[in-house]
Structures are given as C-alpha cells and as structure tokens.
Amino acid sequence: MKLKALSIITVAGALSLAGCANPDVYSGDVYSGRTAKQAQTVTYGTVVSARPVTIQAGEENPNLIGTVGGGVVGGVLGSQVGGGTGRSLATAAGAIAGAMVGSRVEDKVSQVNAVELEIRTDGGEHLVVVQKADRTWQAGQRVRMIGSGSNMSVAPM
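Attention here is on the structure that accompanies the text.

The rules we used
- Residues numbered from 1 in each chain as written.
- Predicted model: local features only at pLDDT ≥ 70, side-chain atom pairs only at ≥ 80, totals over all residues.
- Heavy atoms only, no water.
- Helix = DSSP H or I, 4+ residues; strand = E, 2+ residues; numbered from the N terminus.
- Contact = heavy atoms within 4.5 Å.
- Areas by Shrake-Rupley, 256 points an atom, 1.4 Å probe, with all protein chains shown as cover.
- Patch = residues over 30% accessible without salt bridge, like charges linked within 9 Å, V, L, I, M, F, W, Y side chains within 5 Å.
- Salt bridge = Lys/Arg side-chain N within 4 Å of Asp/Glu carboxyl O.
- Buried < 20%, exposed > 50% of the residue type's maximum accessible area, 1.4 Å probe, protein only.
- Pairing = 2+ DSSP bridges.
- Axes fitted to C-alpha atoms, helices over the stretch in contact; angles between N-to-C directions.
- Core = buried A, V, L, I, M, F, W, Y, C linked by side-chain atoms within 4.5 Å.

1. A look at the overall build of the protein
Reasoning step 1: Looking only at helices and strands, one finds three helices and five strands in the protein.
Reasoning step 2: The linear arrangement of helices and strands in the protein, starting from the amino end, is α-β-α-α-β-β-β-β.
Reasoning step 3: Sequence-distant contacts, at least 24 apart, represent 66% of the contacts inside the protein between residues at least 6 apart.
Reasoning step 4: Total accessible area on the protein is roughly 9,700 Å²; 59% of this is exposed by carbon and sulfur atoms.

Right under this line is the structure:
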C-alpha cells in the first residue's frame, strides 16, 4: 500500500510539473538566451489584422508525461478493483483510460493564448507573426519587428 501511495504522489508531482512549462517564451517581450547580445534586424510596419489563435506548446515530447503519468495512476486505481482475472482486467482498463485522460489533460495544459498578426512592412511586404497574446493589437497600429525568419517578435512603437 505504501508503494501505491508513493507512486500516485510521484505521478501527481510529474503532472504538476508539466503545467509549469514557461509560456512566456512565446511573448514578444521575452528573448531566449541564444538571441541575447546578438545583433537583430529591425523592420517597421503597420498591423493589417490581428486574430486570436492558440499555440500548442510541448511538441518536443508530445503528451509523454500526461500519457505515462495518467496510465500509471489509472493502472494503480484499477488494481484496487476486484480480484484475480477481474483485477487484471480492471488494471489494464484503468491504465488505458488513465493514459487517454492524461494525454488530453497535458494537451490542454500546454496551450497558450496567442495572436496572429498580419503586418504590412514599410517596404510593402506582408508578414504573419504568431506570438503570445500579452497585449492588445489593432489594425492600423504601427509596430517594429525584431529579428528575422523563425526568430521574430513584434513590439508596439
């Protein structure tokens, strides 16, 4: 019984840590360590449109913690039911159901509210940048874009 309680506590802790992922990395106000002290290109433009979107974070190891953690918790809970073959079936069913629920929970926990900004640069080019929705953007607003390619953020002027 002590081992089961310890397993549940360990998995609950791991699932809690999954919710501690830093969503601020998607903000236009946060720089990564590798971009600090690096020369960045600045381009000026005007917001054409802004629409709310969602960033699905955690794509490096998709749902690993939620799936495994949920499976362990479901298996432990299922093993508390019945005896013999019934207990084995309940353990397996609990593990499968727990893995499915854990995966869905991790999906939701790993989402960040974001904004998709379509910007017309002063040079006439149209760009789209997606970043965390940590401020309000409006069509016609003047902005500066810092960086280039996969490393661009938008800031108000």
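2. Quick word on a nonpolar patch on the surface
Reasoning step 1: Together, Val42, Tyr44 and Met157 make up an exposed nonpolar region whose accessible area comes to about 290 Å².
Reasoning step 2: Residue placement: Tyr44 occurs in strand β1 (residues 42-56).
Reasoning step 3: Relative accessible area serves as the criterion here: at 36%, Tyr44 is assigned to the partly exposed category.

3. Section: the sheet that holds strand β2 (residues 111-121)
Reasoning step 1: Strand order across the open sheet formed by five strands is β3-β2-β1-β4-β5, with antiparallel pairing between neighbours. Each edge of the sheet is formed by a strand with only one pairing partner; in this case those strands are β3 (126-132) and β5 (151-156). Within this sheet the neighbouring strands show an average axis-to-axis angle of 35 degrees, counted without direction.

4. Structural notes on the pairing of strand β4 (residues 142-148)
Reasoning step 1: Note that β1 and β4 share five bridges and pair antiparallel. Bridge pairing links Thr43 to Met145 in β4.
Reasoning step 2: Between the antiparallel neighbours β4 and β5 lie two residues, among them Gly149 with a positive phi of about 55 degrees.

5. A word on the environment of Gln111
Reasoning step 1: In this structure, Gln111 sits in strand β2.
Reasoning step 2: Once the C-alpha coordinates of Gln111 and Gln56 are considered, the two residues, 55 residues apart in sequence, prove to be 4.7 Å apart.
Reasoning step 3: Each residue touching Gln111, except ones within four places of it in the same chain, is listed here: Thr54, Ile55 and Gln56.

6. Details of the environment of Val143
Reasoning step 1: On the secondary structure map, Val143 appears in strand β4.
Reasoning step 2: The class for Val143 is buried, based on a relative accessible area of 0%.
Reasoning step 3: Sequence separation between Val143 and Met157 is 14 residues; the distance between their C-alpha atoms is 5.1 Å.
Reasoning step 4: Every residue in contact with Val143, bar those within four places of it in the chain, is listed here: Thr43, Tyr44, Gly45, Thr46, Val47, Ile119, Trp137, Val154, Ala155, Pro156 and Met157.

7. Details of the environment of Arg87
Reasoning step 1: Here Arg87 is to be found in helix α3 (residues 84-109).
Reasoning step 2: Filtering out sequence-adjacent residues up to four positions away, Arg87 remains in contact with Gly78, Ser79, Val81 and Gly82.

8. Here's the deal with the nonpolar core
Reasoning step 1: With nine residues, the main nonpolar core is built from Val47, Val115, Leu117, Ile119, Val129, Trp137, Val143, Met145 and Val154.
Reasoning step 2: Counting residues per element, the ones that place at least two in this core are β2 and β4.
Reasoning step 3: The dominant element in this core, judged by the number of residues it contributes, is β2, at three residues.
Reasoning step 4: Here Leu117 is in contact with Ser49, Ala50, Leu127, Val128, Val129, Trp137 and Val154, once residues within four sequence places are set aside.

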